[in-house]
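Examination of the molecular architecture
Listed below, chain by chain, are the residues.
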Amino acid sequence: MLSNLTLAESKLSSLDHIDFPETLQSLNLISCDTLSHIDRIRNLPKLCRLNLTACDKITHMTMPGNQELLRWFSFPGSITQQEFEKLCLGLPAVEVVEVIDCPGIEDLLPLQQLEQLRILALQLEQEQLSGLDSLTQLELLILTDDLFMDNSYWISELRSSLPSTQVVPGSGLCLGSGWLLLLLPLSFLFRMAMRRKAQSGA
């Protein structure tokens, strides 16, 4: 049965006419710049990965009915700070988050509530990164190449604040398009898989 579906650069305005199988575990909607309604994802009980990168027209942020199962979430470009704060309250198990080109986000303090968050990929302006140095639960932090080239002192200070976090550069296709997997060391993926297995066996 289908467990992974990717729609890239689609001209759909809604998902109403797509017959998603209930077995779907991963849904990637990438650069769907006319997509505004995603209510159908409420009916995906096994979804554990949802990617909405560069979907800048979503007007109402619908989440899966069983959103506590989500392990990987990529925020849409249209997200507001208020929506960001509200969504972070409902993602208790998320381990990987991508925030790519989201101008409505003002700071990252809501991510403190994601106790299971281990990997964070960001493509934001530096003034949007307030609170980043408080995310001590992170194991891997991916920032844009420009931040490393133009703000080496700030990167050094950030690494001092997050001594247990690998802070690395990554831009372009590696962020928000599924290519992030290529950046993750096998040890990270193994630890995530083992953690999930232990939780399911508890």
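Everything here concerns the structure above.
As a starting point, this report considers the structure included with it. Only a predicted model underlies this, so the values are computations on that prediction, with no experimental measurement involved.

1. Looking at the overall build of the chain
- The helix and strand tally for the chain stands at five helices and eight strands.
- When its helices and strands are written in sequence order, the chain yields β-β-β-β-α-β-β-β-α-α-β-α-α.
- Residues counted as buried form 48% of the 202 residues belonging to the chain.
- Here the contacts in the chain between residues at least 6 apart in sequence split such that 39% fall between residues at least 24 apart.

2. Topic: the packing of aromatic side chains
- For the coordinates displayed, the defined rule picks out two aromatic pairs.
- When the centroid spacing of 4.6 Å and the interplanar angle of 75° are considered together, the rings of phenylalanine 73 and phenylalanine 75 count as edge-to-face.
- Residue phenylalanine 73 is classed as buried on the basis of its relative accessible area of 0%.
- With 5.0 Å between their ring centres and 70° between their planes, phenylalanine 75 and phenylalanine 84 make a pair best called edge-to-face.
- Exposure remark for phenylalanine 75: the relative accessible area of 0% places this residue in the buried category.
- Here the guanidinium or amino end of arginine 49 rests over the ring plane of tryptophan 72, the centre of that ring lying 4.0 Å away.

3. Here we look at the sheet that holds strand 3 (residues 49-51)
- In space, the eight strands of this open sheet follow the order 1-2-3-4-5-6-7-8, with parallel pairing throughout. Each of the sheet's edge strands pairs with one partner strand only, and the pair in question is strand 1 (4-8) and strand 8 (166-169). Geometrically, the sheet is characterised by an average inter-axis angle of 10° between neighbouring strands, direction not taken into account.
- With five bridges connecting them, strand 5 (residues 96-100) and strand 6 (residues 119-123) associate as parallel partners. Along strand 6, the bridge assignment pairs glutamate 98 with alanine 121.

4. Remarks on unusual backbone geometry
- Backbone geometry at serine 31 places phi at a positive 55°, although glycine is not the residue there.
- Examined against the element boundaries, serine 31 turns out to sit in the loop between strand 2 (26-30) and strand 3.
- Located in the positive-phi region is aspartate 101, a residue other than glycine, with phi close to 50°.
- By relative accessible area, which is 46% here, aspartate 101 ends up partly exposed.

5. Focus: the environment of glutamate 85
- Mapped onto the secondary structure, glutamate 85 falls in helix 1 (residues 81-89).
- Excluding its chain neighbours within four sequence positions, the residues that come into contact with glutamate 85 are Pro110 and Gln113.

6. Structural notes on the environment of leucine 141
- On the secondary structure map, leucine 141 appears in strand 7 (residues 140-143).
- The spacing of leucine 141 and glutamine 166 is 25 residues in sequence and 6.0 Å in space, taken between C-alpha atoms.
- For leucine 141, the residues in contact, after removing those within four places along its chain, are Leu120, Leu122, Leu132, Leu158, Leu162, Thr165, Gln166, Val167 and Val168.

7. As for the side chain of serine 74
- When you line up the elements, serine 74 lands in strand 4 (residues 72-75).
- By relative accessible area, serine 74 is classed as buried at 0%.
- Setting aside residues up to four positions removed in sequence, serine 74 forms contacts with Leu50, Asn51, Leu52, Thr53 and Glu98.

8. Some remarks on the pattern of salt bridges
- Inspection of every chain in the model, using the stated rule, returns two salt bridges.
- The salt bridge involving aspartate 33 is made with lysine 11; its shortest N-O contact spans 3.3 Å. Here aspartate 33, found in the loop between strand 2 and strand 3, pairs with lysine 11, found in the loop between strand 1 and strand 2; they are 22 residues apart in sequence, far enough to count as distant.
- The shortest N-O distance in the salt bridge between glutamate 139 and arginine 118 comes to 3.7 Å. Taken together, the residues span a long stretch of sequence, with glutamate 139 in the loop between strand 6 and strand 7 and arginine 118 in the loop between strand 5 and strand 6 at a distance of 21 residues. Judged on exposure class, the residue glutamate 139 and its partner arginine 118 are both buried.

Cut-offs applied
Residues numbered from 1 in each chain as written. Predicted model: local features only at pLDDT ≥ 70, side-chain atom pairs only at ≥ 80, totals over all residues. Heavy atoms only, no water. Helix = DSSP H or I, 4+ residues; strand = E, 2+ residues; numbered from the N terminus. Buried < 20%, exposed > 50% of the residue type's maximum accessible area, 1.4 Å probe, protein only. Contact = heavy atoms within 4.5 Å. Phe/Tyr/Trp six-rings, centres within 6.5 Å; stacked < 30°, edge-to-face > 60°. Lys NZ or Arg CZ within 6 Å of the ring centre and 35° of its normal. Pairing = 2+ DSSP bridges. Axes fitted to C-alpha atoms, helices over the stretch in contact; angles between N-to-C directions. Salt bridge = Lys/Arg side-chain N within 4 Å of Asp/Glu carboxyl O.

Geometric values such as these leave the question of function open.
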